[in-house]
Amino acid sequence: MTFLLMVAAPLIATIWYLQTVAADQYASYIGFAVRSEELDSAQSLLGGLSALSGTSSSDTEILYEFIQSQTMVQRVSERLDLPAIYARPEYDPIFAYEPTGLIEDLHDYWGRMVDVSFASGTGLLELRVLAFDAEDAHAVATAIVEESSRMINDLSAIAREDATEYARDDLDVAIGRLKTAREALTRFRSETQIVDPMADIQGQQGLLNSLEEQLATAFIDLNLLLQGGAASTDPRVQPIERRIAVITDLIEQERQKFGVGGSSRIDDDRDYSTLVGEFERLTVDVRYAEDTYIKALNSVDVAIAEAARQSRYLAIYAEPSMPQSPRYPQRAILILLTGAALLLVWSIAMLVYYSLRDRR
């Protein structure tokens, strides 16, 4: 009697339920892995040779957890209305989903219908997606692949942004420094009306050399007259002496422009030595800012290239399959497991019962 109550009756009820009430389930299978593309070197790049790196275990583990997360359930449900898909067999209280409107309940049910296996050695992910309709199973599997690819792309974008953030910050600083240096040099040229003090000095030096040649010629003419017997009151001597005095004054004025205390041709107290020193300082600042800018720009290019070299993508080696026949629930296996469990419970109960009876 106990055998009938504890084993036979529950097993018969289980068989009846699985054969008549439980709805058929279709399974769609997917297989993919997270990969990253890397170039070996600049020579390999020029030669057109590239290599695909192995799977990133950390990225694969992140994806493994993401597929089972509430976020994935929420995104797929927004696309396909999961409660409606899994609540179709309303007469099946065990395998069907009872809509409650709570994402937590749907997430719990998700774990029963989506099975994820992760091979840590190879980094491959395999999914089995169940549904009560073949097209629904395929649609849910496709949505999982698309959301997984979207998540991996987001990870790649974040990694690229992190890799180039500091390089772009340095570039912004270099651009600001170059702009400031060029504005200072432009302001100097506007205030002094001198594009290049060195070129201006060369012009002034040419004028000074010309005046010195004229002075030498005037002295020669004066000495020739005096040696020829002309007196200092001679009408020919006085114009030459006045010419010598004027040229001497001009030479002195030109020489003062190059020394301390002299003034340049602009209306301030700065002489040419001061102007040249300031111009050279500004020029050095501009050159240094330009070099810094070029290095910062190269750093950004290198950072972008490095980020692109380490880009991630979802490599699908098994597209979501379209099931043709229901393979779940596995009724024979469930019946055998149920019968074994009931028989084990009944055996334990009998052993306990007879052991207690023998003690009396």
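## Overview of the pairing of strand β3 (residues 114-119)
Both β3 and strand β4 (residues 124-131) contribute to a ladder of six bridges, which runs antiparallel. For V116, the partnering residue across the bridge sits in β4 and is L127. Count of turn residues in the β3/β4 antiparallel hairpin: four residues, of which G123 carries a positive phi of about 75 degrees.

## Here's the deal with helix α11 (residues 331-359)
Its 29 residues place the ends of α11 42 Å apart at the C-alpha level, agreeing with the 42 Å of an ideal helix rising 1.5 Å per residue. Within the span of α11, buried status applies to R331, I335, G339, L342 and M350. Considering only its buried residues, α11 is in contact with α1 (2-21).

## Description of the side chain of S148
Its location among the elements puts S148 in helix α7 (residues 134-192). Looking at S148, the relative accessible area reads 0%, which means it is buried. Only 2.7 Å separates the side chain of S148 from the backbone oxygen of I144, close enough to count as a polar contact. Every residue in contact with S148, bar those within four places of it in the chain, is listed here: F32, L63, F66, I67, M72 and L314.

## Some points on the pattern of salt bridges
Counted according to the given criterion, the structure contains seven salt bridges. Salt-bridge contacts for E147 lead to R150; the nearest nitrogen and oxygen are separated by 3.5 Å. In this pair, E147 and R150 are both assigned in helix α7, three residues apart and thus about one turn of the helix distant. With relative accessibility at 5%, the residue E147 sits in the buried group.

## Quick word on the packing of α1 against α11
At a minimum axis separation of 10 Å, α1 and α11 run at an interaxial angle of 165 degrees. Comparing the axis directions of α1 and α11 gives the class roughly antiparallel. Taken as a pair, α1 and α11 cross one another with a handedness that is right-handed. Seen from α1, the contacting residues are T2, F3, M6, V7, P10, L11, T14, I15, L18 and Q19; seen from α11, they are R331, L334, I335, T338, G339, L342, L343, V345, W346, A349 and M350. Its residues placed into classes, the contact of α1 with α11 shows 15 nonpolar, five polar and one charged.

## Some details on the nonpolar core
I67, Y86 and I144 are the most contacted members of the largest nonpolar core, which has 47 residues in total. Among the elements that line this core, the one with the most residues is α7, at nine residues. In this view, I67 contacts F32, M72, W110, V114, V116, L125, L127, I144 and S148; residues no more than four positions away in its chain are not counted.

## Overview of the packing of aromatic side chains
Scanning all chains against the criterion turns up six aromatic pairs. Judged by centre distance (5.2 Å) and plane angle (70 degrees), the ring pair of Y353 and Y354 falls under edge-to-face. The structure contains a cluster of three or more aromatic residues connected by ring pairs, namely Y86, Y97 and Y109.

## Quick word on α7
Taking 1.5 Å per residue, 59 residues should reach 87 Å; α7 reaches 84 Å between its end C-alpha atoms and fits that length. Between a side-chain oxygen at the N-terminus of α7 and the backbone nitrogen of E135 the separation is 3.0 Å; the capping residue is D133. Downstream of α7 by one or two residues, Q193 has phi in the positive range, about 55 degrees.

Reading the values: rules and limits
- Residues numbered from 1 in each chain as written.
- Predicted model: local features only at pLDDT ≥ 70, side-chain atom pairs only at ≥ 80, totals over all residues.
- Heavy atoms only, no water.
- Pairing = 2+ DSSP bridges.
- Helix = DSSP H or I, 4+ residues; strand = E, 2+ residues; numbered from the N terminus.
- Expected span 1.5 Å × (residues − 1).
- Buried < 20%, exposed > 50% of the residue type's maximum accessible area, 1.4 Å probe, protein only.
- Contact = heavy atoms within 4.5 Å.
- Polar contact = N/O pair within 3.5 Å; in protein donor to acceptor, adjacent residues only side chain to side chain.
- Salt bridge = Lys/Arg side-chain N within 4 Å of Asp/Glu carboxyl O.
- Axes fitted to C-alpha atoms, helices over the stretch in contact; angles between N-to-C directions.
- Parallel < 35°, antiparallel > 145°, perpendicular 65-115°, else oblique.
- Left-handed = near helix turned anticlockwise from the far one by under 90°.
- Nonpolar A, V, L, I, M, F, W, Y, C, P; charged D, E, K, R; others polar.
- Core = buried A, V, L, I, M, F, W, Y, C linked by side-chain atoms within 4.5 Å.
- Phe/Tyr/Trp six-rings, centres within 6.5 Å; stacked < 30°, edge-to-face > 60°.

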